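Structure at a glance
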Protein chains: 2
Amino acid sequence: MELSNYANIFKALSNEQRLKIFLMIYEQCCKPEESQVGSKFEAKGGWCCPAAGSLEKAFTKVCDCMNLSRSTISHHFKELQNAGLIICEREGRTFRCSVNGEVVNAIKELLK
Amino acid sequence: MELSNYANIFKALSNEQRLKIFLMIYEQCCKPEESQVGSKFEAKGGWCCPAAGSLEKAFTKVCDCMNLSRSTISHHFKELQNAGLIICEREGRTFRCSVNGEVVNAIKELLK
DNA sequence: CAATTAGTTCTATGAGTATCGAATAATGCA
DNA sequence: TGCATTATTCGATACTCATAGAACTAATTG
């Protein structure tokens, strides 16, 4: 991976609101046990992660947790996807979202 | 550590030039074996890391490797220090610089 | 097909960032 | 003490970013 890719990943995580969005998704997808109890984040009606490793209705749920307009949140999702940090697939009217483990590992490798 | 601290750390690494500066210092301080041979970065007259874990004349050396004005590089050093990623101490006319392991570990912990 | 729900795109705006060159300060040496 | 070296600060500029609201598109459901 190029230096510029790493810079883009860090850029995606450099905004506090966007970092929060990423961590919500990360927590739900990669640490579901922790997240059900005492999560730093709260979703109306609970989070629920039916398929392991991914989060259904991710956009909707994130919107419910944050004081940002939907357009801004949409923009942040795009940035996270462009950086390769998350992967979203349409599921009817909503999105199922998962974390790209390879990218997360790349960060860990860089700082090994 | 607060979410905003993490965001600041990522912000410091989000600019490609600044990331390069950080990685030069990181490589010299934390992976000296690798860096002496076949480093991605080159310093006039070699790097040399007399005291383990720190890099002498860091600013000067970084300036020699990069096509940026000294004022810009100075600014980038400040950002890296403010984020807590590096620690610089004056040594005569130059600076000895080291990586703040705690902050690096905090990133790894966040993505554990 | 009409109505509803979910998310996107466009446009505007204020704030922040990267960069440089010039002026300035700090340090050590002759 | 004066000079050279090293780094910082200042001011300007062009650029990027975060954000909201309005208009729009896509999918589902009655």
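Up top you'll find the structure we're talking about.
Below or above, wherever it landed, is the structure these notes cover. (Residues numbered from 1 in each chain as written. Chains lettered and ligands numbered in written order. Predicted model: local features only at pLDDT ≥ 70, side-chain atom pairs only at ≥ 80, totals over all residues. Heavy atoms only, no water.)

Here's the deal with the interface of chain A and chain B
At the interface, 23 residues of chain A touch 22 residues of chain B. For the pair chain A and chain B, the summed buried area comes to about 2,000 Å², and 74% of that belongs to carbon and sulfur atoms. Together, Leu3, Phe10 and Leu111 of chain A form the three largest contributors to the area buried by chain A at its contact with chain B, with a combined 31%. On inspection of chain A and its partner chain B, the count reaches zero salt bridges. Inspection of the region where chain A meets chain B yields six residue pairs in polar contact (both at pLDDT 80 or more). For the side of chain A that touches chain B, a count of residues per class yields 13 nonpolar, three polar and seven charged. (Contact = heavy atoms within 4.5 Å. Buried area = accessible area lost by both parts, 1.4 Å probe. Salt bridge = Lys/Arg side-chain N within 4 Å of Asp/Glu carboxyl O. Polar contact = N/O pair within 3.5 Å; in protein donor to acceptor, adjacent residues only side chain to side chain. Nonpolar A, V, L, I, M, F, W, Y, C, P; charged D, E, K, R; others polar.)

Observations regarding the layout of surface pockets
The calculated volume of the second largest pocket comes to roughly 190 Å³. Lining the second largest pocket are 13 residues; nearest its centre among them are Leu23, Glu27, Lys31 and Lys40 of chain A together with Leu110 of chain B. If you list the elements that add at least two residues to the lining of the second largest pocket, you get helix 2 (16-30) of chain A together with helix 1 (3-12) and helix 6 (101-110) of chain B. Broken down by class, the residue content of the lining of the second largest pocket amounts to seven nonpolar, no polar and six charged. (1 Å grid on protein atoms, 1.4 Å probe; cavity = no way out; pocket = protein on both sides within 12 Å on 5 of 7 lines; lining within 4 Å. Points joined across faces, edges and corners; volume = space filled by probe spheres on them. Helix = DSSP H or I, 4+ residues; strand = E, 2+ residues; numbered from the N terminus.)

Points about the pattern of salt bridges
Residues and elements named next belong to chain A. Following the criterion strictly, the structure yields six salt bridges over all chains and no others. A salt bridge links lysine 112 to glutamate 109; the nearest nitrogen and oxygen atoms lie 3.1 Å apart. On the accessibility criterion, glutamate 109 (45% relative accessible area) is partly exposed. (Buried < 20%, exposed > 50% of the residue type's maximum accessible area, 1.4 Å probe, protein only.)

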